[in-house]
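Inside the fold
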Amino acid sequence: MFILPRGSGRTLLALALLIAIGCKDRSSAAPSTESAMAVSDDTPSAGMPSFDHKSAAEKVVAQSAGVKEGDLVLIFGAAEDLPLLEDIAIEVRKRGAAPLVSVGTEQVRRRMYDEVPAKYDSQVPELMLKLAGIVDVIIETEAGEGRTLKGVPPGRIAARGKASTAVGELLQKRGVRLVVLGNGLYPNAERAEQFGVSRDELAAMMYGGIEADYPSLQATGQQVRNVLAAGKQLHITNPNGTDLKIGISSRPITVNDGIISAEDRKKGGAATSVWLPAGEVYLTPVPGTAEGIVVADQFFFQGQTIKALRLEFKRGKLTSMTAKEGLEPLQAAYDAAGPGKDLLGVIDIGINPGIKSPDRSPVHVWGKAGTVTISVGNNTWAGGDNRTNFGLAAYSPGSTATVDGKPIVQDGKLVAAENVARR
């Protein structure tokens, strides 16, 4: 399966898109904000699952984001997220920090293209740039649906992405802590349909993953990190034809363990962002080393399926993109993107055993233990320097990944932590 990009924006660039135009599967196209909370509706959607969000909210605020007295905290989400957003805001204020909640709708997100003239697409979002210069923490949900932007000219989306780049760069430069809830499991209607489950079942997967044993994730993440750090070549294969080799020697490695620690804040950059449910280890490969083929049986793009997507890499660059059916919208988005869109950017390995999504599902879930993701394009979210306004993440269920010939993932299953640790 493929997604675009990092869950429709797993980069601070994409966060800039979110803030400015709602391009991160959410609807913050033109948020109306007041000193404490701005909402577009007092009642959440009847379709949204009902959960006790207080435990998750406390963990997100206190443990993941490390909110402290005096922090300025931006909280983004959709109107149907209100019960969760309210609990997060309360937890923020209980710690002496100041919350600002912004919500939106998919209708506004789409109307920002249908009714706003294209001549404004290249306009720098100055208000959001001002906010990026003062906030300490951003907490957001992946509530948006890909199908909302179906039919929007790719050039318009690309233009807004380019105009918003400065926002993401400033957030990263200032070390703003970013916590994103969803990570491929957010229980909106579109994602539930793709999984073939109810929204309640999908919400249970997400919240179950968020309630993971974070110290255990940290330990597993460090063990996997050590294996990757000692290796020279990563080889990814799958019975569907995937066969890719990547150089990984002496590359920076990041662990998304769900906690932005004091050490992470000191490092800055990619270390100050986490995606929940957490549980990933990722690195940027040696430039120019990626060679081979990546195949995905299904790809969900703007609510439609692309079948048998095939990517070919030579000397670290994407040289061919084909599919049996439905490639045209994705190809148009790729063609509209800027320089750097063809570079293999990130290799990501999921390590969270608490995520219970269906095995062999074509729906991509970053953190599920044994998931291997290959990301093309923007890699600033992983500590890289490719700031292109395009990202494409490839995933095939049941893949095997070896480091210098020794398996770290076997047939879609993460090798037991104790075995990893002995290497």
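Please refer to the structure placed before this passage.
All of the points below concern the structure found in this document. Per chain, the residues get numbers from 1 upward, laid out in the order the sequence is written. Only residues with pLDDT of 70 or above have their local features reported here, since the model is predicted, and side-chain atom pairs are shown and tallied only from 80 upward, although totals for entire chains, interfaces and linings are computed over all residues. Processing note: side-chain calculations cover all non-hydrogen atoms of the structure and skip hydrogens and water entirely.

Some points on helix 2 (residues 54–64)
The rule is simple: take the accessible area with a 1.4 Å probe, protein chains only, and divide by the maximum for that residue type; under 20% is buried, over 50% is exposed, in between is partly exposed. Only runs of H or I of at least four residues qualify as helices and only runs of E of at least two qualify as strands under DSSP, and these elements are numbered from the N terminus. If you check which residues of helix 2 are buried, you get A56, A57, K59, V60, V61 and S64. Its buried side turned inward, helix 2 meets helix 3 (82–94), strand 5 (137–141), strand 6 (177–181), helix 9 (199–210), helix 10 (214–230) and strand 10 (273–276). G66, located one to two residues past helix 2, shows a positive phi value of around 60 degrees. Note on contacts: a residue pair is in contact if any heavy atoms of the two residues lie within 4.5 Å.

Quick notes on the sheet that holds strand 8 (residues 243–247)
In space, the eight strands of this open sheet follow the order 14-13-12-8-7-18-19-20, with antiparallel pairing throughout. Only two strands of the sheet have a single neighbouring strand rather than two, namely strand 14 (317–322) and strand 20 (413–414). Paired strands, in this sense, are two strands between which DSSP finds at least two bridges.

Considering the pattern of salt bridges
Any two side chains of opposite charge can pair, on the condition that their charged atoms come close. Just to be clear on terms, a salt bridge is a Lys or Arg side-chain nitrogen sitting within 4 Å of an Asp or Glu carboxyl oxygen. Scanning the entire structure with this criterion turns up 17 salt bridges. Measuring nitrogen to oxygen at the nearest pair gives 3.1 Å for the salt bridge that ties R110 to D114. Here R110 and its partner D114 are both found in helix 4 (residues 106–114), four residues apart, which amounts to about one turn of the helix. Note that R387 is salt-bridged to E169, the shortest N-O span being 3.8 Å. Here R387 is found in the loop between strand 16 (372–377) and strand 17 (391–395), whereas its partner E169 is found in helix 7 (residues 165–174), with 218 residues between them in sequence. Bridged by salt links that share partners, the residues K68, D71 and R177 form one connected network.

Thoughts on the packing of helix 6 (residues 154–163) against helix 12 (residues 328–336)
At a minimum axis distance of 8 Å, the contact between helix 6 and helix 12 shows a crossing angle of 40 degrees. Accordingly, the angle class assigned to the pair helix 6 and helix 12 is oblique. Along this stretch, helix 6 crosses helix 12, giving a crossing that reads as right-handed. Together, P154, G155 and A158 of helix 6 and A332, A333 and A336 of helix 12 make up the contact between the two elements. Simply put, an axis is a line fit to the C-alpha atoms, just over the touching stretch for a helix, and the angle between two N-to-C directions goes from 0 to 180 degrees. Angle categories: roughly parallel below 35 degrees, roughly antiparallel above 145, roughly perpendicular from 65 to 115, and oblique for all the rest. By the definition used in this description, the sense in which the near helix is turned from the far one sets the handedness, with an anticlockwise turn below a right angle giving left-handed and a clockwise turn giving right-handed.

Concerning the environment of A270
Within the element layout of this structure, A270 appears in the loop between helix 11 (262–267) and strand 10. Those residues in contact with A270 that sit more than four places away from it in its chain are Q172, T254, T380, W381, A382 and G383.

Description of the packing of aromatic side chains
When two rings of Phe, Tyr or Trp (its six-membered ring) have centres within 6.5 Å they constitute a pair, described as stacked for plane angles under 30 degrees, edge-to-face for angles over 60, and tilted for the intermediate range. Under the counting rule described, the total for this entry stands at five aromatic pairs. Pairing Y334 with F390 gives two aromatic rings, centres 5.3 Å apart and planes at 80 degrees, and the pair type is edge-to-face. One end of the pair, Y334, is in helix 12; the other, F390, is in the loop between strand 16 and strand 17, with 56 residues separating them in the sequence. Across the pair, exposure class does not vary: Y334 and F390 are buried alike. The interplanar angle of 80 degrees and the centroid separation of 5.7 Å between the aromatic rings of W366 and W381 together place this pair among those described as edge-to-face. Taken together, the residues W366 in the loop between strand 15 (344–350) and strand 16 and W381 in the loop between strand 16 and strand 17 connect sequence positions 15 residues apart. Residue W366 shares its accessibility class with W381, and that shared class is buried.

What about the environment of I293?
Mapped onto the elements of the fold, I293 is located in strand 12 (residues 291–301). In this structure the C-alpha to C-alpha distance between I293 and L244, which are 49 residues apart in sequence, comes to 5.5 Å. Those residues in contact with I293, other than ones at most four positions away along the chain, are G241, T242, D243, L244, R310, L311 and E312.

Let's talk about unusual backbone geometry
In this chain, L276 is followed by P277 through a cis amide linkage whose omega measures 0 degrees. Its location among the elements puts P277 in the loop between strand 10 and strand 11 (280–283). For N183, which is not glycine, the phi dihedral falls at a positive 50 degrees. Looking at the secondary structure, you find N183 in the loop between strand 6 and helix 8 (189–195). With relative accessibility at 1%, the residue N183 sits in the buried group.

None of the figures reported here should be taken as evidence of function without further support.
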